[in-house]
Amino acid sequence: MDERKKRIFSGIQPSGELTLGSYMGAIKNWVALQEEYDCLYCIVDMHAITVRQDPALLRRRSVNQLAQYIACGLDPEKNIMFIQSHVPQHAELAWVLGCYTQFGELSRMTQFKMKSQQHADNITAGLFTYPVLMAADILLYQADLVPVGEDQRQHVELTRDIAQRFNGVYSDTFTLPEAFIPKMGARVMSLDDPSTKMSKSLPDGCVNLMDAPEVIMKKFKRAVTDCDTAVKFDKENKPGISNLLTIYCAATGKTMDQAEQDFAGQGYGVFKPAVGEAVVELLRPIREESERIMADKAYLESVYRTGAERASYLANKTLSKVYRKVGFVGR
Ligand code: ATP
Ligand code: LTN
């Protein structure tokens, strides 16, 4: 890797199908940033087991997610692409960082509060300490930028706080990372309920990257709107229409003004299928390419093996520095 370039780390849990939300909030930026930065893009399977997973399904999804990353335009030659559990340094650094994280800080995490409501019968220590593992992911590679959707901003801020605290005690060890959040599509809402985030663990109102065109069209035609007729961006009073307009802009690259002009004087009956079609065209090549790559297991295996080797090399540098600083005896 070229040491002069800035570094990027990001990841997605293989806990469900990739969604239009994760594409617009995160992956689209990953693709845009790969030319200018040294990037590591991870399949964070260790994060996924913070809620119960079916083992066979988790294994399949992890590999399929790699195929989908590539189909979205990420080049395995340019980026380090790997599976988190293949690089044990993530778990090792997480243990150390957990000893520099306050219980109170973790208690304030919005994602923990929400997930512990969704999984009230299984609120594990892993779910609680999840943000520490995420901090380890990022700090292990001295990442400068972390391209994520708006919902992850709080975790990146916590990562900065942990890094700053550690650096304060032991002198400069970690680069302080910043969240990189898109202007359009940072928070795609559910098509069923525009007051909640589109999320792979809530399949209603969710568009998946692998959805067939007719499924996508049906979901958009059914999307919740309001009893008005104007296609206008007004987040407060017209959350459903505003969400569809945002999706339309993120899918086509148009500005909000252009989008509103496109549908001036037209009703929702024209607008909703038009958004659906824009998304169908955006996702069609991704789905087709994913299907092709998913069939090539040997290729995928070679990508994640090489990725893990390269990641491990970088991870070791940081981990041995950390072990030395906290006072562990060298091997
Ligand atoms: P889960 O339901 O399991 O929490 P999720 O669908 O919310 O999953 P994540 O794996 O948590 O998706 O997120 C992957 C990446 O995509 C993160 O960077 C996250 O910020 C971003 N992201 C997820 N959902 C959205 C959304 N609706 N709008 C914008 N960005 C999103
Ligand atoms: N917490 C993130 C997934 C995630 C991540 C990371 C994102 C785990 N480790 C490191 C960026 C950088 C989520 O739930 N979407």
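Residues numbered from 1 in each chain as written. Chains lettered and ligands numbered in written order. Predicted model: local features only at pLDDT ≥ 70, side-chain atom pairs only at ≥ 80, totals over all residues. Heavy atoms only, no water.

Caption draft 1: Seen up close, the site of ligand 2. Near ligand 2, the surroundings consist of 14 residues, among which Gln 13, Tyr 130, Met 134, Asp 137 and Gln 152 are the closest. Side-chain polar atom of Tyr 130 to an oxygen atom of ligand 2: 2.6 Å apart, as the coordinates give it. One of the side-chain nitrogen or oxygen atoms of Asp 137 is found 2.7 Å away from a nitrogen atom of ligand 2. Calculation on ligand 2 without its partners gives an accessible area of 370 Å², and the protein chains cover 92% of this total. Of all the secondary-structure elements, those providing two or more residues to the shell around ligand 2 are β1 (7-12) and α7 (125-140). (Near = heavy atom within 4 Å. Polar contact = N/O pair within 3.5 Å; in protein donor to acceptor, adjacent residues only side chain to side chain. Areas by Shrake-Rupley, 256 points an atom, 1.4 Å probe, with all protein chains shown as cover. Helix = DSSP H or I, 4+ residues; strand = E, 2+ residues; numbered from the N terminus.)

Caption draft 2: Examining the packing of aromatic side chains more closely. Using the criterion set out here, one finds 14 aromatic pairs in the structure. Their ring planes at 80° and their centres at 5.1 Å tell us that Trp 30 and Tyr 69 sit as a pair that is edge-to-face. Here Trp 30, found in helix α1 (residues 20-33), pairs with Tyr 69, found in helix α3 (residues 55-71); they are 39 residues apart in sequence, far enough to count as distant. Judged by its relative accessible area of 0%, Tyr 69 is buried. With 4.6 Å between their ring centres and 40° between their planes, Phe 166 and Tyr 170 make a pair best called tilted. With Phe 166 and Tyr 170 both in helix α8 (residues 153-170) and four residues apart, this pair spans about one turn of that helix. By relative accessible area, which is 0% here, Phe 166 ends up buried. (Phe/Tyr/Trp six-rings, centres within 6.5 Å; stacked < 30°, edge-to-face > 60°. Buried < 20%, exposed > 50% of the residue type's maximum accessible area, 1.4 Å probe, protein only.)

Caption draft 3: Structural detail: unusual backbone geometry. Positive phi is not limited to glycine here, since Gln 142 has a value of about 55°. Secondary-structure assignment places Gln 142 in the loop between α7 and β4 (145-147). Although it is not a glycine, Ser 171 adopts a positive phi angle of roughly 75°.

Caption draft 4: Inspection of the pattern of salt bridges at higher detail. The tally for this structure, following the rule as stated, stands at 13 salt bridges. Note that Glu 150 and Arg 153 form a salt bridge whose closest N and O atoms lie 2.9 Å from each other. With its nearest N and O atoms 2.9 Å apart, the salt bridge here joins Lys 238 to Asp 228. Of the two residues, Lys 238 is situated in the loop between α9 (213-221) and α10 (239-252) and Asp 228 in the loop between α9 and α10; the sequence distance between them amounts to ten residues. (Salt bridge = Lys/Arg side-chain N within 4 Å of Asp/Glu carboxyl O.)

Caption draft 5: The site of ligand 1, seen in detail. Surveying the vicinity of ligand 1 reveals 21 residues, the closest of which are Lys 115, Asp 151, Lys 197, Ser 199 and Ser 201. Ser 199 is positioned with one of its side-chain polar atoms (N or O) 2.4 Å from an oxygen atom of ligand 1. Contact with the protein chains hides 96% of the accessible area of ligand 1, taken as 600 Å² for the molecule alone. Ranked by residue count, the leading element in the shell around ligand 1 is α1, at four residues. Among the residues making up the shell around ligand 1, the classes are represented as six nonpolar, ten polar and five charged. (Nonpolar A, V, L, I, M, F, W, Y, C, P; charged D, E, K, R; others polar.)

Caption draft 6: A look at the side chain of Glu 260. Mapped onto the secondary structure, Glu 260 falls in helix α11 (residues 256-262). Separated by 3.4 Å, the side chains of Glu 260 and Lys 232 make a polar contact.

Caption draft 7: Spatial organisation of the environment of Met 189. For Met 189, the position within the fold is in the loop between β5 (178-180) and α9. With 57 residues separating them along the chain, Met 189 and Thr 246 place their C-alpha atoms 9.6 Å apart. Setting aside anything within four residues of it in sequence, one finds Met 189 in contact with Pro 194, Ser 195, Thr 196, Lys 197, Met 198 and Asn 243. (Contact = heavy atoms within 4.5 Å.)

Caption draft 8: Molecular detail of the nonpolar core. The biggest cluster of nonpolar side chains holds 62 residues, and the ones touching the most others in it are Leu 20 and Phe 220. Broken down by element, this core gets its largest block of residues, eleven residues, from helix α12 (residues 268-294). In this structure, Leu 20 is in contact with Met 198, Val 207, Leu 209, Phe 220, Ile 247, Val 279, Leu 282 and Leu 283, ignoring residues within four places of it in sequence. Counting residues in each nonpolar core, the second largest holds 44 residues, with Phe 82, Phe 112, Val 156 and Ala 315 among its members. (Core = buried A, V, L, I, M, F, W, Y, C linked by side-chain atoms within 4.5 Å.)

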